[in-house]
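Residue-level structure breakdown
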Amino acid sequence: MKFIQKLYFAGNALQAIERYKEAFGCTEKSVILYEDAVKNSWTEPDPQREGTVYHSEIMFGDQEVRMVDTKDVSHLQLIRKLDYAVGFRTAEEVKKAFEVLSRDGEVIQPLECPPYMVIIGSVRDCFGIQWTLMCDFNY
């Protein structure tokens, strides 16, 4: 069994995928746009959804995350209420991801080095998703 997280976006999932590749070193297993889903008869045509993500499989290390564009506001509201914690092996990786995600975003908790952890900080990225980035002593 594997646990797969799903992140919803409001038409900008492709931009999010590119930003997360830069921040986390993610890789794409697959990305299917709505127009490709229409060509394969998986969904009904909707010109407003062209260029948006119908389905994706993005790898955050060994963890698969699916990123899709949705028109369902309740999905977007739910995702914006959660805090996604990511553990890194080094403080340098945390600092790089923090810098990338805080670009056009909002720093919630600046990076700090508390006695119980190498480094930790929180940021809400430009897509409205909150991330807590950390490096534990025991990673």
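Anything mentioned here points back to the structure above.
Residues numbered from 1 in each chain as written. Predicted model: local features only at pLDDT ≥ 70, side-chain atom pairs only at ≥ 80, totals over all residues. Heavy atoms only, no water.

1. Some words on the sheet that holds strand β6 (residues 106-112)
Taken in spatial order, the 4 strands of this open sheet run β5-β8-β7-β6, and their pairing is mixed. Strand pairing shows two members of the sheet lacking a second neighbour, β5 (83-87) and β6, which therefore form its edges. Adjacent strand axes in the sheet meet at a mean angle of 15 degrees when their direction is disregarded. Across 6 bridges, strand β7 (residues 119-124) lies against strand β8 (residues 130-135) in antiparallel orientation. Across the sheet, residue Ile120 finds its bridge partner in β8, namely Met134. (Pairing = 2+ DSSP bridges. Helix = DSSP H or I, 4+ residues; strand = E, 2+ residues; numbered from the N terminus. Axes fitted to C-alpha atoms, helices over the stretch in contact; angles between N-to-C directions.)

2. Quick word on the side chain of Thr132
Summarising the element assignment, Thr132 is placed in strand β8. Within the local environment of Thr132, its side chain forms a polar contact with the side chain of Asp83, the two groups lying 2.8 Å apart. One polar contact links Thr132 to Ser122, side chain to side chain, over a distance of 2.9 Å. With near-sequence residues (within four places) excluded, Thr132 lies in contact with Asp83, Tyr84, Ala85, Val86, Ile120, Gly121 and Ser122. (Polar contact = N/O pair within 3.5 Å; in protein donor to acceptor, adjacent residues only side chain to side chain. Contact = heavy atoms within 4.5 Å.)

3. Topic: the side chain of Ser56
Locating Ser56 in the fold gives a position in strand β3 (residues 53-60). Judged by its relative accessible area of 0%, Ser56 is buried. Within the structure, Ser56 has its side chain in polar contact with the backbone oxygen of Met67 (distance 2.6 Å). In contact with Ser56, other than residues within four places in its own chain, are Ile17, Ser30, Val31, Val65, Arg66, Met67 and Val68. (Buried < 20%, exposed > 50% of the residue type's maximum accessible area, 1.4 Å probe, protein only.)

4. Section: unusual backbone geometry
You will see that Ser41, though not glycine, has its phi angle at about 60 degrees, which is positive. Within the secondary structure layout, Ser41 lies in the loop between α2 (34-39) and β3. With a phi angle near 65 degrees, Asp104 is a residue other than glycine that sits in the positive phi range. Within the secondary structure, Asp104 is located in the loop between α4 (91-102) and β6. A relative accessible area of 63% means that Asp104 is categorised as exposed.

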